[in-house]
Structures are given as C-alpha cells and as structure tokens.
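# Analysis of the macromolecular model
Next come the chains, spelled out residue by residue.
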Amino acid sequence: MVAAKKKKALVIVESPAKARKIAGFLGSDYEVRASMGHVRDLPEKAADIPAAMKKEAWTRLGVNVEEEFAPLYIVSPAKKKVVKELKDLLKNAEELIIATDEDREGESIGWHLIDLLKPKGPVKRMTFSEITKKAILEALENTREVDMNLVEAQETRRILDRLYGYTLSPLLWTKVRRGLSAGRVQSVAVRVLVQRELERRAFRSGTYWDLKAALHIGEESFDAQLWSVDGQRIATGKDFDEHTGKLKDGSKVLLLDEEPAKELQKKLLGTNWEVSKVEHRTQTRKPPAPFTTSTLQQEANRKLNMSARETMQVAQRLYEDGNITYMRTDSVTLSQEAVTATRARIESNYGKDFLSDEVRQYSNKTKNAQEAHEAIRPAGTEMKTADELGLSAREAKLYEMIWKRTMSTQMAEAQLRFDTVTITADETEFRATGRKVVFPGYFRAYVEGSDDPEAALEDQDSMLPEMSEGAGLKCKDVESLSHETKPPARYTEASLVRKLEQEGVGRPSTYASIIGTVQDRGYVRKVSNQLVPTFTALAVTNLLEKYFPQMVDLQFTAQMEQSLDDISNGEAEKIPYLSKFYSGEEGLGHQVESKKETIDPREVCTLQLDSLSSAVRVGRYGPFLEAESDGETFNASLPEDIAPADLDNEMAEKLIELKKQGPQSLGMHPEDGLPIFVLSGPFGPYLQLGEVVEGAEKKPKRVSIPKNVDPTAVDLDLAIQLLSLPRRVGHHPEDNKVVNAGIGRFGPYVQHAGKYKSLPKEDDVLTVGLDRAVELLKLAKTRSAPTPIKELGNHPESEEPLAIFEGRYGPYVKCGKLNATIPKDKDPQALTLIEAVELINDKAAKTGKKVGKKKAPKKKKAAKKKAAKKTTKKKTTKKTAKKKTAKKKTTKKDDAGESSED
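Residues numbered from 1 in each chain as written. Predicted model: local features only at pLDDT ≥ 70, side-chain atom pairs only at ≥ 80, totals over all residues. Heavy atoms only, no water.

### What to know about the side chain of Thr59
As for its position among the elements, Thr59 is in the loop between strand 2 (30–34) and strand 3 (63–64). Judged by relative accessible area, Thr59 falls into the buried class, the value being 3%. With residues near it in sequence (within four places) discarded, Thr59 still touches Pro43, Ile49, Met53, Lys54 and Leu72. (Helix = DSSP H or I, 4+ residues; strand = E, 2+ residues; numbered from the N terminus. Buried < 20%, exposed > 50% of the residue type's maximum accessible area, 1.4 Å probe, protein only. Contact = heavy atoms within 4.5 Å.)

Here you go:
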C-alpha cells in the first residue's frame, strides 16, 4: 500500500527574497511563498471598481461613508494570478502560517490573505524581528493569532488617508491645477517647508565687523577673536533681530562698523599682547542611541547623501538578506543577546578599555513612539562586519554605519577637554578656544553627523598651545572681518524627518514615500541637499491654511497619530473616530462641500510676497509675475529654478521689462546673417539666433543669459560672444584633453573629460582661464556609471547585457539604451531573464524604439565591397525616407532611464 503524501504547511511572506531566505531555514515540510505585498486594497481608479457597483456614488471614494465607513476592497488585475496560486497551494496544505512583517501593515496583509484565501485548516501568525535561522525557528514555536487591533488601526489609517486625499485633491484640481494632491501628512510636510521659505523671505540681514588676531607663543601659533572693547562685548550674529536686520531691543553690546574696526586694527598692531586668563573645562559625551527608522534616514542623508527613499530600499534588502533586524521601528532598545554579542565584539575589536563599565540601554523621547520592535542593528549574534558578510556598494556603506552605531552604544564615553584663553591687548579682550580628545571612547567606532556642514567633527582635536596667565604673546597680524547674519537654513531630508518626528506627525516608515511624493507632485525641488518649496506649494498651502486650517495643523495631525495608536492598543474604536473626522457639520466632507463654491481660484493662486511689488500668480502652465504699468497689466513667466525666498524686485522688474518690450532684436549675427533676439522662458532670459520656423528640422540656437548679467543691458557684441559658447579654454595639463566653458540649464560651467563644475558668481564664463578652470574641476564630483543591483544575462536578440538598476523612481531594467520600470508588485531580486526580456520588449513596442540587433559576422573585404555596390541605392533611399519621418515620431521620456542619471 502506498503511503499518503505528507502535506506541507504553507508559509506566506511579502517578497520573494524573504521567501527564499526563510525557505532555506524551514526545510522540505514547508512551502514558503510571497504575496508580493498587499493582495487587495481600495480601488485606485474607476476602472478598478466592479461593474455591479459603479452606479453607487460612494464607490468613487472607495469607502461607504453612510454605512459605517465600510471599505471597498478589490484585488487588482496584477494580483489575481498571485491569489490564484496561493489558493491552489492552500488546497494541499496542512496549515496556513502568516509570516508577514510584525507591524500594522504586515498584520493587515496577513488578515487580508486569510479573508481572501478562506483556509479550512489551522491558521497561525508568526512574527520575528530578524531573518536568521534561530529567530525563524523560535518564531515558528511561538505563533499567535492575528492581532485585530493592529488590523483595525491600519484600516482606519488607510480610510483616513483616502478620505483626506480623495476629498481635498479634487478641490485643488479645480482651484489650483490638475494633477496636484493633498495628503494627511504630505500637506503638513509641505506647509513646514513653506513656512521656512517665508521666514527666509522675511529675514533681514544684519552686518557687523570683528577682528581676528594671528598670535604666537614660542614656536606655536593660533588665532583669537575679538571679544570686548572697554569691557563691552562686541555684537555677534545672535544679537540681531532677523526681521529688521538691526540689533535686538535692549541689547547691551557694541556694534562695530567698518571704519572703527579698521582703526582698531591699526592701533592693535603696535600694542602688547598678554594672556590674562586660562580656563579648562572637561566634558563627557555619551554615545547616541541605536538606529530607529527616522534616525537611520537622517544619518544616511547626512553621511552617505542617500535620500530617505534610497535608505529604506537598501535597508529592506539588508533585512530580507538576513543582515539587519527589521528596519521599520521606533524602538531604541536592544535585546539582551544583542547587547552581549555587541560587548564581545567591542572587546575583541577595540579592547577592554573601550567597553562601557555597565550595560547601556536607551528609552524613547519622541512623541507617539511605538516600541514593539527592537532597534535597527546587525542581525544575529556574531555581529559580522560588512567585509565579513561580503557586502558591497550602498549595502556595505549603510550596513557599516548600522554596525558602527550599534557598537558605539556599548562603548565607553568619550572624554573631552575644552580650553578658553582670554587675551588682553590695550583696551580690548580677545578669546581663543581649543579642544582636545582626552579619551576617544565610542568616537573610535562612530561619530554622529551634523546638519551644519561647517560643524567640526567631535573626534577632531583643535588644540591651543600650552599657556599660563601673564604670558606675553607676539602678534603677527590683525585682520578686520565683515559678517552678515544668515537666514534660517532650508530643510534637508534629514532635518525635515527630524522635525516631523519631533512633532509626532506621521510615522517614520512613511517619511520616505512622503518626501518622494512632494517632489513628484511639483511641491518641492531638491537643490543640492536642500528641499526648496515651489510657488505651487505656496498657493496650495495658502488655500489649505485659509479654508481648512486644521488639516495642515501640526498638533491636529499629531493627534491623529495618537488616535491611531489608541485604536491599535484597543483603547479607541474606528467608527466613532472616522465619523468625527468626516461626517457632520464640522467634518471634512461637509466643510469641502460648503466652501468649494466660495473659494476664488484667482485669490488663492495670487501670492502677495513680502517686499515684492509685483504679484506672483500660479497658473496652469507654471508661476508668473503680474504687474501694472501705465494702466496696462503685464505678465511674465518666472524661471522654474527661482526659489520664492530669492525673488526680489530687481529680478521681477527685469522680467517684466523684457515682457513689455517683447522679442527684441539686438542686430544681425555677422557670420550667420540671422537676427539675435532676447527672450524669456521657463528657465529665465535667453538669447536666440534666428526665428522659429514651423516644420523646420533644426531649432534656432539658444543660450541662457547668466544670472549676473542684466538681460536688458545685453548688447550685440556680448550676445555674439554668449552664442559662441561653449568655448575652448585650453588643454588640461594632466591628460592634454580639452577643457571647455559653457552655459547649461543650471548656469555657467567648465567641463573636462565628462566632468562638469558650475562656475561661482565671481567667475565669468567668457573670460575664465585654464588655471582657474583646472582648480574648479578638482572640486567636481566624478560621475561614475551606476552599479547594477543584479546582472541577468544577455538579450536573446541583441545579445546586449540586461541588468537591474536602482533609480530615483524605483528599480528598472536596462538593455542598451532602453530602460523599463519594474512593476511595484515585482521583487527586483526575483526578476528572471525571461521576465526582463518581456519588460524591455514591451517598452520597445510602446516607444517605437528597437532592441539592438545582433552584429553581423565579419565578411571578407571582397564580399563586403560586392554587397555594398548592390545595396548603395537601396540604403540611400531608406536613409532619405528615415530623415523625412524622424521628426514625426515622438516618445515619452522613461522615468527609470532619467532616474539612473540622478
């Protein structure tokens, strides 16, 4: 008699990478499969709504607000195949084990799977914070039921976000511009950025002078700053009112102007200098807490220049590969086994002296922190380094940072000594400060980053010479220095994440998608590392602040998070909360309906900015200036790269003047015989050689007018010089390759061998010399080719390599010049060569491009000549036909392709 085949247990996780890793630990008695994230959700578009329900008005929202906010869940076409496969597997399974992530989202995915698959056998829920064999086997022995409080909290958040977004976004489409969106956390984040931009606009700079002395004692030298004159402290930046640019009321400080500063400078050069006081102060520095989601995003942005989105993508791969613990966590606690392993590694790597005397644990200080998980740390108990794990590229850098931060938590405190020396010269006092690291402690492993790029690293010495009171000093030089107070810094991704977390707005696990969304929607531009709000962001914030102030209020939004926490803890109920938010006269639904007719689009899209005489209007095609002159209204487009805080009257008047004048011909180009026009476009004023001829294959040559050049003052000679760009500056002394200077979309630059460097304001693109260009190019970042996440093989037709890359908008497949975005529900690591070929071929078909063909084998010269004679006429005909139709074909830019160059 044949024995019955033993049934396996079906284990469901989110991703194929996670499934492969866990399957290796569980053995043949378990079938581990991936759900590819959520298997069902609220409908995203009308086409997703079942035909039988399309007549119901509420289905537009996807939530029946009249029937206890019942959600309409649908399985998207992309997920139907996955669901069918899981159902088929479950028929032959002994039990179902849900092994999704141990947070609200993971709990919700698990509940949806159970509700859809309707298992007849036992159902278990297993959770773990790291993907190691020990953790997985322990989780299998300690299963539980699905936590419905967590499911309710996730569903409430999903419905809340849908009600907010689908109620306010259509209002923005009609009052500001189509394609915009509102979001519960997104809109608050935009408002935070807008408020900082307006603070910068209202800022008034103050000017003050001080003195810096270069002093000697013996053979050693150091610098000292002027502190007081006749016993009165001199003014510094903190003494100024940022709204007036003048000293704060009641300030009892001496404000030095240029003339008195220079007189004092001359006087002090011939006087005696003496040490009047020496002070020593010791300080102990404790290591920072281990990483949470938000602190990891902040530090990766500061130290590795990684966006929040990139950080989470890399951390996800590290987690799924079993290298770090779960990366979505608010907790700063470490398990006992992690502490023991960390302390053992410290002793072996750094020595006993660098180990803290006692075990160090941390507690959360941020609002609404959830401490269900452990902090982010290296997985397991071996605490292997990145080299030992064989990691490379971004994975190695992020892991190394996590490893070092974890080590530092159990290391000895750093000991520093700060020295302050007061120096007397005539009626003035100067001060010099120094720092010495007495004992590095945890600095040996890790030094925390700073949002201030000019801040010195904590582990760096800046020592003063040994001095005693009464010692005489020699003055080598005294320099008078002018200073201007600086406006508040714009937010970076790191500082915005910190601000949102401090205010209790949103969840750290969502910050990456929020920051990505506000950029994708055109609310924010990322310039260097700064997040600069656009005029569109100002208009949308203007509307929401005026008509729906609660919806962008920090405290109100933080209270939403608290309510969701209460639901997850079983201390509050979903329906009463959603009803209070959306229904009734005070609810969002009624507020939007009652106000939408009274909101004047022209009013909310007209920005009266501080100290600007013209109005800024946000229109369908972008922002523009509106000004009246001689009873006539003039509009002028604003360049896309102008930040709201940087737009001044001088700039506005020049743009308006150009518009009033219309296309101005400066004269004829002496060589081309074409007129040269001064025009203004979305990127600012520019020169154009000749007129645009409809249907012509070639567009007129254009070049931007540098920002430091008044467009109304450009004459014919200057225009000819600018249109001659780029120009050859010379040959680079290292490789003899050409160095060029030119003007691009982002302004004047110098270029050499694929490297570009923007020219500072003080350099002229028309006159910059070779020595200066070489000096600037040394500062240019080398733009290396992107490193593939995974290489798949060659395309069967073109034989070109196929590889997966990480782009700004997510992972994509690259084959030659073709790029194809990988669907969000597809794990890039699990993508096969066949699937990649299908994506590339589909992209080629959609864009009209062709996948490169195989190269023809080499032929003998005689055969080549014979073939060439026969086909010359045919090729010529084809080439002519191709030229005639080339301009008729247009293709949409590929996001993945563009992102690979960011």
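From this point on, the discussion continues.
### Some remarks on the nonpolar core
Counting residues in each nonpolar core, the largest one holds 131 residues, and the members touching the most others are Leu168, Leu543 and Phe548. With eight residues, the top contributor of residues to this core is helix 15 (residues 535–547). Setting aside chain neighbours within four positions, we find Leu543 in contact with Leu171, Leu172, Lys175, Val176, Phe548, Ile599 and Val604. Among the nonpolar cores identified, the runner-up in size contains 26 residues, and Ile217, Ala224, Trp273 and Ile423 belong to it. (Core = buried A, V, L, I, M, F, W, Y, C linked by side-chain atoms within 4.5 Å.)

### So, the environment of Ala773
As for its placement among the helices and strands, Ala773 is situated in helix 22 (residues 770–777). Along the backbone, Ala773 and His732 are 41 residues apart, and their C-alpha atoms lie at a distance of 9.1 Å. Every residue in contact with Ala773, bar those within four places of it in the chain, is listed here: Val729, Val739, Val750 and Val768.

### Considerations on the confidence of the model for the protein chain
Chain-level pLDDT for the protein chain is 86 on average; 90% of the residues reach the 70-or-more range. Predicted confidence is poor over residues 854–902, with pLDDT under 50, and the contacts of this stretch with residues over four places away or in other chains come to 29 contacts. (pLDDT = per-residue confidence, 0-100.)

### Things to note about the packing of aromatic side chains
By the definition in use, this model includes nine aromatic pairs. A centroid spacing of 4.9 Å and a plane angle of 65 degrees characterise the contact between Tyr442 and Phe443, whose relative ring orientation is edge-to-face. The pair Tyr442 / Phe443 is uniform in exposure class, with both members buried. When the ring centre of Tyr446 is taken as reference, the NZ or CZ atom of Lys303 above it lies at 4.0 Å. Its guanidinium or amino end placed over the ring of Trp227, Arg431 lies 4.0 Å from that ring's centre, counting from NZ or CZ. (Phe/Tyr/Trp six-rings, centres within 6.5 Å; stacked < 30°, edge-to-face > 60°. Lys NZ or Arg CZ within 6 Å of the ring centre and 35° of its normal.)

### Considerations on the pairing of strand 27 (residues 755–758)
Alignment of strand 26 (residues 747–752) against strand 27, held across four bridges, turns out to be antiparallel. Looking at the pairing, Tyr749 lines up with Ser758 of strand 27. The hairpin turn running from strand 26 into strand 27, its antiparallel successor, is two residues long, and Ala753 in that turn takes a positive phi close to 50 degrees. (Pairing = 2+ DSSP bridges.)

### Some remarks on unusual backbone geometry
With an omega of 0 degrees, the peptide bond between Leu725 and Pro726 qualifies as cis. With respect to the secondary-structure elements, Pro726 resides in the loop between helix 21 (716–723) and strand 24 (727–731). Within the chain, Met36 stands out as a residue other than glycine whose phi angle is a positive 60 degrees. The residue Met36 is located in the loop between strand 2 and strand 3 in this model. On the basis of relative accessible area, Met36 is assigned to the buried category, the value being 16%.

### Digging into the sheet that holds strand 17 (residues 615–619)
Taken in spatial order, the four strands make up an open sheet running 16-17-18-19, and their pairing is antiparallel. What marks the edges here is a single partner per strand, and that holds for strand 16 (606–607) and strand 19 (632–637). Note: strand 18 (residues 622–629) against strand 19, six bridges, orientation antiparallel. Of the residues in strand 19, the one forming a bridge with Ala627 is Phe634. Against the sheet, helix 20 (residues 649–661) makes contact with strand 18 and strand 19, and its axis sits at roughly 110 degrees relative to strand 19, the strand it touches most. (Axes fitted to C-alpha atoms, helices over the stretch in contact; angles between N-to-C directions.)

### Brief notes about the pairing of strand 29 (residues 801–807)
Here strand 29 lies mainly inside the structure; six of its seven residues are buried. Across four bridges, the pairing between strand 28 (residues 790–794) and strand 29 is antiparallel. Paired with Lys790 across the strands is Ile804, a residue of strand 29.

### Structural notes on the pattern of salt bridges
Charged atoms that come close allow side chains of opposite charge to pair. In total, this model carries 57 salt bridges according to the counting rule given. In this structure, Arg204 and Asp610 form a salt bridge, with 2.9 Å as the shortest nitrogen-oxygen distance. One end of the pair, Arg204, is in the loop between helix 6 (186–202) and strand 7 (207–217); the other, Asp610, is in the loop between strand 16 and strand 17, with 406 residues separating them in the sequence. In this structure Arg204 comes out as partly exposed when scored by relative accessible area, which is 27%. The class of Asp610 is partly exposed, set by a relative accessible area of 39%. One salt-bridge network, held together by shared partners, links Glu105, Arg157, Asp161, Arg184 and Glu561. (Salt bridge = Lys/Arg side-chain N within 4 Å of Asp/Glu carboxyl O.)

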